[in-house]
Amino acid sequence: MQIVILAAGCGSRLGASAAGLPKCLLPVGGRPLIEHQLDAVADAGAGSVLAVLGHAAPIVHDRVGSRIATVLNSR
């Protein structure tokens, strides 16, 4: 089974609390949201993971690109 994580959002509705970070890198419980998702996927025993990146894609790719496949949504 392949998992797709949509990680292209900029978090504009979060206002100042986003601190300029992409939504998937916002800390939740001291760790980025996407890290929680990747742990849940691994715990479920799922296969490969593909993340669709958009806003601040290079920052997100630097954080998780070595662990998962990524694709860029330029729109």
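Here the structure is a predicted model, which means the values were calculated and not measured.

### Digging into the sheet that holds strand S4 (residues 49-53)
Right, so step 1: Taken in spatial order, the 3 strands line up as S1-S4-S5 in an open sheet, and their pairing is parallel. In the strand order of this sheet, the two ends are held by strand S1 (3-7) and strand S5 (69-72), each with one partner. Pairs of neighbouring strands in the sheet enclose a mean axial angle of 25 degrees, with direction left out of account.
Right, so step 2: Where S4 and S5 come together, 4 bridges link them in parallel fashion. Bridged to Ala-51 within S5 is Thr-70.
Right, so step 3: Against the sheet, helix H1 (residues 33-43) contacts S1 and S4, and its axis sits at roughly 175 degrees relative to S1.

### So, the environment of Ala-46
Right, so step 1: Tracing the sequence through the fold places Ala-46 in the loop between H1 and S4.
Right, so step 2: By relative accessible area, Ala-46 is classed as partly exposed at 22%.
Right, so step 3: Note: C-alpha distance between Ala-46 and Met-1 (45 residues apart in sequence) is 6.0 Å.
Right, so step 4: With residues up to four places along the chain from it excluded, the contact list for Ala-46 reads Met-1, Ile-3 and Val-41.

### What to know about the nonpolar core
Right, so step 1: Ranked by size, the top nonpolar core spans 15 residues in total, and within it Ile-5, Ile-34, Leu-38 and Val-49 carry the most contacts.
Right, so step 2: Every residue in contact with Leu-38, bar those within four places of it in the chain, is listed here: Ile-5, Val-49, Val-64, Arg-67 and Ile-68.

### Notes on unusual backbone geometry
Right, so step 1: Positive phi, close to 55 degrees, is recorded for Ala-56, a residue that is not glycine.
Right, so step 2: Among the secondary structure elements, Ala-56 is positioned in the loop between S4 and helix H2 (57-64).

### Notes on H2
Right, so step 1: Every buried residue of H2 is accounted for by Ala-57, Val-60 and Val-64. Looking straight down H2, one finds its buried side chains confined to an arc of 70 degrees; they lie on one side. In H2, the exposed positions angled more than 90 degrees off the buried face are occupied by Pro-58 and Asp-62.
Right, so step 2: The inward-facing, buried residues of H2 abut H1, S4 and S5.

Here is what the cut-offs are and how they apply
- Residues numbered from 1 in each chain as written.
- Predicted model: local features only at pLDDT ≥ 70, side-chain atom pairs only at ≥ 80, totals over all residues.
- Heavy atoms only, no water.
- Pairing = 2+ DSSP bridges.
- Helix = DSSP H or I, 4+ residues; strand = E, 2+ residues; numbered from the N terminus.
- Axes fitted to C-alpha atoms, helices over the stretch in contact; angles between N-to-C directions.
- Contact = heavy atoms within 4.5 Å.
- Buried < 20%, exposed > 50% of the residue type's maximum accessible area, 1.4 Å probe, protein only.
- Core = buried A, V, L, I, M, F, W, Y, C linked by side-chain atoms within 4.5 Å.
- Arc of directions from axis to C-beta.

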